[in-house]
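# Structural features, examined
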Amino acid sequence: MRAITVRDRDAGLSGLSLTEEPYPHAAENDVVVRVHAAGFTPGELDWPGTWTDRAGRDRTPSVPGHDVSGEVAELGYGTTGLTVGQRVFGLTDWARNGTLAEYVAVEARNLAPLPAGVEHTVAAAVPISGLTAWQGLFDHGHLASGRTVLIHGAAGGVGSLAVQLACEAGAYVIATGRAADRDTARDLGAHAFLDLQADRLEDAGGVDVVFDVIGGDILDRSTALVRPGGTVVTIAVPPTVRPADGRAMFFVVEPDRVQLAALARRLKDGRLRPIVAAVRTLDEAPAAFAPGRRAPGKTIIQVAEDGQRPSPGQTIAKS
């Protein structure tokens, strides 16, 4: 099969290449997914799991990418709950070969059925970003109706989904970003927007939850805005400052089939609109990792044809 692989940690982006790799083995409770579309995180070449297995052993050449949308091609021994040919999407293990390939082996529990009518190129934008937004807001931030949440990076892959989920939950949403992100954030439902380059962050006033994807000074200053009993949740760095009479926590997203299914329902009926910044082919994947002109949303790699590609910025799946 064709796959994007990395072999040399010191080579950086130049070490990404399109190669021929063996078809993956379906271990117990695995499925092999024929990949239609995949997502990646630009910084994952710095992650330990890209280079070593859970025992710390070198596992190169390795395949990056951890968002997947496709169809079940094979069931491993003991696998239940999914069938060959079924449309699925989900999040692959950090320390196994990833999704920038024509096939990938995934634990069945990390996948959920994908409803008919949701394009694979749209679904692939959801697993990491959607689960991160869900877990940050609700599992860790305990966000509820009537509360106020400050969401940084509101036009990004995670932030854009967090804005929509928070609005649906009945929260008052203050979004942040750059000036060019204002219209995107408001279109997603944000009640207020702060330009982090021109507005005073302190003008946000008191909030119950801060959802941070930036870290640094923005994270530290946001902590002072949290009301008593509130929470700062970040995926950037472990916080060094805690709010008075509140909590501050860092977390890494975890696979969750129940939450994926909840996100899938929202995709199907249009309540959740991931922003697809661009769609590239597998051949173009190495170049897609390179820093370029900033655009809202997430870049998706289309591996198998799945109908017409969404144009850059398209946000909604067919229903």
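Residues numbered from 1 in each chain as written. Predicted model: local features only at pLDDT ≥ 70, side-chain atom pairs only at ≥ 80, totals over all residues. Heavy atoms only, no water.

## With respect to the sheet that holds strand β11 (residues 207-212)
Our working rule: Note: two strands are recorded as paired if DSSP finds a minimum of 2 bridges between them. The way it works is that DSSP assigns letters per residue, a run of H or I at least four long becomes a helix, a run of E at least two long becomes a strand, and they are numbered from the N terminus. The convention used is that axes are lines fitted to C-alpha atoms, helices contributing only their stretch in contact, and that angles between N-to-C directions extend from 0 to 180 degrees. Only heavy atoms enter the contact rule, under which two residues are in contact if any of them lie within 4.5 Å.
Read from one edge to the other, the open sheet built from six strands follows the order β10-β9-β8-β11-β12-β13, with strand pairing classed as parallel. The strands lining the two open edges of the sheet, one partner per strand, are β10 (192-195) and β13 (247-250). Taking each pair of neighbouring strands and ignoring which way they run, the sheet shows an average axis angle of 15°. Bridge count between strand β8 (residues 148-151) and strand β9 (residues 172-177): four bridges; the pairing is parallel. Looking at the pairing, Thr 148 lines up with Tyr 172 of β9. Here helix α3 (residues 157-168) sits on the sheet and contacts β8, β9 and β11; the angle it forms with β8, its principal contact strand, is near 170°. The sheet strands contacting helix α5 (residues 216-223) are β8, β11 and β12 (226-234), and the helix crosses β12 at an angle near 160°.

## Notes on the side chain of Thr 92
To keep it simple, the criterion reads: Partly exposed residues are those whose accessible area sits between 20% and 50% of the maximum for their type, while under 20% is buried and over 50% is exposed, using a 1.4 Å probe and protein chains only.
Inspection of the secondary structure puts Thr 92 in the loop between β5 (87-91) and β6 (103-107). Using a relative accessible area of 1% as the deciding quantity, one classes Thr 92 as buried. Ignoring any residue separated from it by four or fewer positions in sequence, one finds Thr 92 in contact with Gly 65, His 66, Val 68, Gly 98, Thr 99, Val 104 and Val 106.

## Regarding the pairing of β9
For clarity, the cut-off: If you view a crossover with the strands going away from you and the path from the first strand over the helix to the second runs clockwise, you call it right-handed.
The element β9 is largely enclosed, with a buried count of five among its six residues. Handedness of the crossover is the feature at issue here: the chain leaves β8, passes through α3, returns alongside β9, and the resulting connection is right-handed. Sheet analysis places β9 next to β10, joined by four bridges and oriented parallel. Bridge pairing in β10 links Thr 176 to Leu 194.

Shape descriptors only; they carry no functional weight alone.
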